[in-house]
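# Geometric and topological summary
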Amino acid sequence: MATNTQLDVSLKRLKKKGIRITPQREIILTYLISHHNHPSVETIRDGIDEKLPNLSVATIYNTLKLFVDNGLAIELPNKDGGLRYDFFGVPHYHAICENCGKIFDIFDESYPEIVAHVKQVAQERVGFKVTGAQLEVTGICPKCEKKLAAKKTVAK
């Protein structure tokens, strides 16, 4: 799906819920859709500074919360305790490197079935009513794997 289509669909979702589309919201959403770097608020601010030089960090936080609350974005905890954000208009899961912290988007057509299964099991086993789900796997990315292997070779 093209970025413009994702933006249009996302804006329609917000409008349908009675949420006003401001230029700030549209620019922040466009940034999230077009950047797959799982940005922090500061990264977003730096990325849109040219278009909105006087936008406050509080406005960015509030806008991101609105997107998260309406299923357009998700929060991803950072190793340092902060948060990073990801456009979630196309549901996917994440692979997170335990060494460098890089987050990889994994798109898989079976994602909806996996989430449905997890929700069903949580309901059946513990009576838990799931209201949302984010899936992630952790491990070592190929780049860090090579670095770690090289260190082991040098250490021998």
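Residues numbered from 1 in each chain as written. Predicted model: local features only at pLDDT ≥ 70, side-chain atom pairs only at ≥ 80, totals over all residues. Heavy atoms only, no water.

Per an unreviewed UniProt entry, the chain is named Fur family transcriptional regulator, and its organism is Lentilactobacillus farraginis DSM 18382 = JCM 14108. Annotation of the chain in UniProt includes, under Sequence similarities (unreviewed entry), the sentence "Belongs to the Fur family." (UniProt positions renumbered as here; feature names shortened; annotations may be inferred.)

So, about unusual backbone geometry. Here the phi dihedral of His38 falls at roughly 50°; this positive angle occurs in a residue that is not glycine. By the element assignment, His38 lies in the loop between α2 (23–34) and α3 (41–48). By relative accessible area, His38 is classed as buried at 3%. (Helix = DSSP H or I, 4+ residues; strand = E, 2+ residues; numbered from the N terminus. Buried < 20%, exposed > 50% of the residue type's maximum accessible area, 1.4 Å probe, protein only.)

A word on the side chain of Ser40. The topology assignment puts Ser40 in the loop between α2 and α3. The residues touching Ser40, leaving out its near neighbours within four places in the chain, are Leu83 and Arg84. (Contact = heavy atoms within 4.5 Å.)

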